[in-house]
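# Notes for the structure review
The chain contents come next:
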Amino acid sequence: MRICKVVGHVWATKKEDSLVGLKLMVVNEMDASGRFKEDLFVAADVVGAGVGEQVLVVGGSTARIAAGGNELPVDCAIVGIIDTIEVEREKERKAQ
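The present account deals with the structure reproduced in this document. Throughout this description, residue numbers start from 1 for each chain and increase along the sequence as written. Totals for whole chains, interfaces and linings use every residue, but because this is a predicted model, local features are given only for residues with pLDDT of at least 70 and side-chain atom pairs only at 80 or more, for both listing and counting. With hydrogens and water stripped out, all remaining heavy atoms of the structure feed into the side-chain values.

Next up on the list: the environment of Leu22. Following the sequence through the fold, Leu22 ends up in the loop between β1 (2-10) and β2 (23-30). Any residue under 20% of the maximum accessible area for its type is buried, any over 50% is exposed, and the rest in between are partly exposed; the area is computed with a 1.4 Å probe on protein chains only. For Leu22, a relative accessible area of 17% corresponds to the buried category. Remark: the alpha-carbon pair of Leu22 and Ala44, spanning 22 residues in sequence, is separated by 6.3 Å. Contacts are residue-level and defined by heavy atoms, with any inter-residue pair within 4.5 Å sufficient. Setting aside its immediate chain neighbours within four residues, Leu22 contacts Ala44, Ala67 and Val74. Secondary structure elements follow DSSP: runs of H or I no shorter than four residues count as helices, runs of E no shorter than two count as strands, and numbering proceeds from the N terminus.

With that settled, consider the sheet that holds β1. Strands were regarded as paired on the criterion that DSSP finds at least two bridges between them. Judged by pairing direction, the barrel is mixed, and its 5 strands sit side by side in the order β1-β2-β3-β5-β4 before closing back on the first. For this sheet, the mean angle separating the axes of adjacent strands, direction not counted, is 55°. The pairing of β1 with strand β4 (residues 54-59) spans 4 bridges and is classified as antiparallel. Bridging across to β4, Arg2 finds its partner in Val57. Axes, fitted as lines to C-alpha atoms, cover a helix only where it is in contact. Angles between the N-to-C directions of the axes lie from 0 to 180 degrees.

Below, the structure is given as structure tokens:
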């Protein structure tokens, strides 16, 4: 799983028939410090996430299963909305 932030929507009036009804969102992966990584990507949203929310994203066959079927042309899916992230920073503790 990857931690990402939803940064936008995708509207596609013409798409593969099996994608009809799926909400597609633009997400940006984040590192443990909350900084964005470089690439944006599209994920099928199966939990009702909104722009600005931090989410859990899965890829590959796990994403297809989450989105509703192994035959779907989906390689990333939003499977959770994050309430809180707690990261222990061992290096910062040692420095103090």
